[in-house]
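# Structural overview for review
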Amino acid sequence: MPEIVLSTLNAKYIHCAFGLRYLLANLGELQARAAIAEFDINQRPLEIVEAILAREPRLVGFGVYIWNVTQTTEVVALLKRIRPGLIVILGGPEVSYETEQQEVVRLADHVITGEADLKFAEVCRALLAPVSASCPQPAPFPKIIAAEIPSPDRIALPYELYTEADLAHRILYVEASRGCPFTCEFCLSSLDIPVRAFALEAFLLEMEKLLARGATQFKFVDRTFNLNLQTSRAILEFFLARWRDGLFVHFEMVPDRLPEPLREVLAKFPPGAVQLEVGVQTFDETTSRNISRRQNYAKMEDNFRHLRAHTGVHIHADLIVGLPGESVESFGSGFDRLVAMGPQEIQVGILKRLRGTPIVRHDAEFGMIYSPHPPYEILQNKLIGFAAMQRMRRFARFWDLIANSGNFTETTPLLWDGGASPFASFLRLADWLGARIGRHHSIALATLAESLFLHLTDERGLEKSRVADALSHDWHRRGRKERPAFLEKAVVPEVASTQRSAS
């Protein structure tokens, strides 16, 4: 039985706990006495506790994040009630700041703030060391233990700890660097200065091993993959040289930095093989200054248009609702501008007040009111009241279900057919759907498709045959066979009418 259990609650099963694997890789001689136990947030806390205690550990380390802190708090409370002597150590971004306010911190024995790759091993050695006359009890650690930023050359890479099941069924997270040179006030990465790179040769050797084991999905978590041209080009060329069907790589990129050498390499990948996640966040220059964000919009637009015209890269672009200084109108203007740039996905996010981020300095001036519960989304501010913010939440959710899902790629642009504003058009649809369906979760695909048909034909006045044709193409694109009944009714009568007219 392991003495140390490393655990976390993932958002979904397909996500691998990257941080736990780093902790295990860096335990040194304690690695043989440790094991990883991953769960997900949909599992019952009592069942998680049962699974952990069945291993009879002396110490449990939890990775705590914005998406799992509520459930982790319940798990830790149950563990300490059933086994009061069990040592519980927390780590992760959610408990690295404002620790005095958190119930999960109160329940735990220790919290390691910051990057705990090396510090966790140090703490475990001290807490689990045998006590004797020749080896007395070490001085106790404080409850809150600050980890020094580790140098990458001291960190053991964790990639061999991905299991065969991970490779077959889950997304593999990898990183060539840590930190971010930018200071965007809503983002925890703005606190990670300086940028630190892992040795490229050693990193690529680990990627080679993963490829040899059959890995196909690589998600880079580097915040600024394209910051160092030489490194990013080398990584792209590495994967290109080893390309095979099914391989997929995902990078986060600085939107206004895409020099010609990177463009040339990206153009050589098959369509859809590379995904670039691009944090646009806002097109409003005053709002950008408010959040200490620097970006060249002209270069960004040129990069987007080049990628869409000359490469098969899939672009996932982010915009944020609720930033200080951003109104619904200015957000809408930026949204339309982004749609015109042609990314395949636009993720509309609601601003979150992450613990430790300096976005709080705007609270008084802009009346920023956030939910006290995870994920700490903004409820209202001076420019967007609560009702309007709720309206934007519906907009974001329906945009995700319809435009980002890939289920309605041909039908969605009909909403702004004829040069209408994409933002205004989709907001109108979101309002209509909210009133008609009354919810924005657990909606059957056929219900969503029929609602789109009714809105486009009855509310917008588009020809039924045209809308039905677009929806039929969308419906069959994913391999679905028979069309929904409403589409059959929409098409058949018009066909019969045309035949009668011809006779």
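Note that the structure is a prediction, hence the values are computed from the model and not measured. (Residues numbered from 1 in each chain as written. Predicted model: local features only at pLDDT ≥ 70, side-chain atom pairs only at ≥ 80, totals over all residues. Heavy atoms only, no water.)

### Side note on the overall build of the protein
Counting secondary structure elements, the protein contains 18 helices and 16 strands. Radius of gyration (C-alpha) of the protein: 26 Å, near the 23 Å computed for a compact globule of 503 residues. In terms of principal-axis extent, the alpha carbons of the protein reach across some 105 × 50 × 45 Å. Residues counted as buried form 51% of the 503 residues belonging to the protein. Summarising the internal contacts of the protein: among those between residues at least 6 apart in sequence, 73% fall at separations of at least 24. Accessible surface computed for the protein: about 22700 Å², of which carbon and sulfur atoms make up 53%. Positive and negative side-chain charges in the protein, numbering 56 and 60 respectively, have mean positions lying 2 Å apart. (Helix = DSSP H or I, 4+ residues; strand = E, 2+ residues; numbered from the N terminus. Rg over C-alpha atoms; globule rule 2.2 N^0.38 Å. Buried < 20%, exposed > 50% of the residue type's maximum accessible area, 1.4 Å probe, protein only. Contact = heavy atoms within 4.5 Å. Areas by Shrake-Rupley, 256 points an atom, 1.4 Å probe, with all protein chains shown as cover. Lys, Arg positive; Asp, Glu negative; His and termini not counted. Charge placed at Lys NZ, Arg CZ, Asp CG, Glu CD.)

### Points about the sheet that holds strand β12 (residues 274-281)
With parallel pairing, six strands are arranged side by side in an open sheet as β7-β10-β11-β12-β13-β14. The open sheet has two edge strands with one neighbour each: β7 (172-174) and β14 (345-350). Averaged over all pairs of adjacent strands, the angle between strand axes in this sheet comes to 25°, irrespective of strand direction. Note: strand β13 (residues 314-321) against β14, six bridges, orientation parallel. Among the inter-strand pairings, H316 is bridged to a residue of β14, identified as E345. Helix-sheet contacts for helix α12 (residues 328-341) involve β12, β13 and β14, and the interaxial angle to β13 is about 175°. (Pairing = 2+ DSSP bridges. Axes fitted to C-alpha atoms, helices over the stretch in contact; angles between N-to-C directions.)

### A look at the side chain of T412
One can find T412 in the loop between α14 (386-404) and α15 (422-437). The class of T412 is buried, set by a relative accessible area of 5%. Setting aside its immediate chain neighbours within four residues, T412 contacts I402 and A403.

### Examining the sheet that holds strand β2 (residues 34-40)
Taken in spatial order, the six strands make up an open sheet running β2-β1-β3-β4-β5-β6, and their pairing is parallel. Edge positions in the sheet fall to β2 and β6 (144-146), since each of these pairs with one other strand and no more. Ignoring which end each strand starts from, the neighbouring axes of this sheet average 20° apart. Pairing of strand β1 (residues 4-10) with strand β3 (residues 59-63) involves five bridges; the strand directions are parallel. By the bridge assignment for β3, S7 is matched with F62. In the packing of helix α1 (residues 18-25) onto the sheet, the strands contacted are β1, β2 and β3, and the crossing angle to β2 comes to about 175°. Along the sheet, helix α5 (residues 119-128) contacts β1, β3, β4 (87-91), β5 (110-113) and β6; its crossing angle with β3, the most-contacted strand, is approximately 160°.

### A few points about the confidence of the model for the protein
For the protein, the average pLDDT comes to 93, and 95% of its residues sit at 70 or higher. The model gives residues 494-503 a pLDDT under 50, and that stretch makes two contacts with residues more than four places away or in other chains. (pLDDT = per-residue confidence, 0-100.)

### Things to note about helix α16 (residues 445-459)
Helix length check: α16 (15 residues) gives 20 Å between terminal C-alpha atoms against 21 Å at 1.5 Å per residue, within 8%. Listing the buried residues of α16 in full gives L448, A449, S451, L452, F453, H455, L456 and T457. Positive phi appears at G461, one or two residues downstream of α16, with a value of about 75°. (Expected span 1.5 Å × (residues − 1).)

### Some thoughts on unusual backbone geometry
Going from P374 to P375, the amide bond is cis rather than trans, its omega being 5°. Locating P375 in the fold gives a position in the loop between β15 (369-370) and β16 (378-380). One non-glycine residue, E98, adopts positive backbone phi at about 50°. Tracing the backbone through its elements, the reader meets E98 in the loop between β4 and α4 (103-107). Although it is not a glycine, Y376 adopts a positive phi angle of roughly 60°.

### Examining the packing of aromatic side chains
Applying the stated criterion across every chain yields a total of 26 aromatic pairs. Between F335 and W399, the ring centres sit 4.9 Å apart and the planes meet at 80°, which makes this aromatic pair edge-to-face. In this pair, F335 sits in helix α12 while W399 sits in helix α14, placing the two residues 64 residues apart along the sequence. Under the relative-accessibility criterion, F335 is labelled buried at 0%. The exposure class of W399 is buried, given its relative accessible area of 5%. Ring centres of W399 and W416 lie 6.2 Å apart, and the angle between their planes is 25°; on these two criteria the pair is classed as stacked. Of the two residues, W399 sits in helix α14 while W416 sits in the loop between α14 and α15, which places them 17 residues apart along the sequence. (Phe/Tyr/Trp six-rings, centres within 6.5 Å; stacked < 30°, edge-to-face > 60°.)

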